[in-house]
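As a plain string of letters, each chain reads:
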Amino acid sequence: MEEELNKNDKGLLAYCYNRRRTISEIARHLGIAIKNVSVRIEKLEKLKLVTVQNSPSGNKKYIRSTSGDKTKEYFIELQRVSKNQIIWGGNYFSDYLMP
């Protein structure tokens, strides 16, 4: 059975979307202890929702969310719940946009 994502998990995924973050940056942003962030990251890594990379010097770990990718379902839902949309960089998602 898959674990539910809590508020901190979702905050971590949103904060790391499309950007590499360090564990200390994530802890500061979420206002939780570094140890708790490490536990969250291990859980999300097992679920394949984040990727963890070591820095070239090996003294930092960079976390990046892999779960926030825009998909066709996202854009279908966006158009369902709103009349008009302004999508910056929409040319990158033209396969998903309806006229």
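The present account deals with the structure reproduced in this document. The numbering scheme is per chain: residues are counted from 1 as the chain's sequence reads. Whole-chain, interface and lining totals are the exception, using all residues; otherwise, since this is a predicted model, local features are given only for residues with pLDDT of at least 70 and side-chain atom pairs are given and counted only at 80 or more. Side-chain metrics rest on all non-hydrogen atoms present in the structure, leaving aside hydrogens and water.

Points about the overall build of the protein chain
Consideration 1: Within the protein chain one finds 4 helices and 3 strands.
Consideration 2: Taken across its 99 residues, the protein chain has 24% of its residues classed as buried.
Consideration 3: Note on definitions: a residue-residue contact is assigned when non-hydrogen atoms from the two residues lie within 4.5 Å. Within the protein chain, contacts between residues separated by at least 24 positions form 45% of all contacts whose residues are at least 6 apart in sequence.
Consideration 4: Only the protein chains shown count as cover for residues, and all accessible areas are computed by the Shrake-Rupley method using a 1.4 Å probe. For the protein chain, the computed accessible surface area is about 7700 Å², with 50% contributed by carbon and sulfur atoms. Starting at the N terminus, helices and strands are each numbered in turn, a helix being any DSSP run of H or I of at least four residues and a strand any DSSP run of E of at least two. Classification of residues uses two cut-offs on accessible area relative to the type maximum, computed with a 1.4 Å probe and protein chains only: under 20% is buried, over 50% is exposed, and between them is partly exposed.

Quick word on unusual backbone geometry
Excluding glycine, a negative phi dihedral is what most residues carry, and trans is how most peptide bonds are arranged.
Consideration 1: Unlike most non-glycine residues, Lys48 shows phi in positive territory, near 60 degrees.
Consideration 2: Structurally, the position occupied by Lys48 is in the loop between helix 3 (34-46) and strand 2 (50-54).
Consideration 3: Given a relative accessible area of 69%, Lys48 falls into the exposed group.

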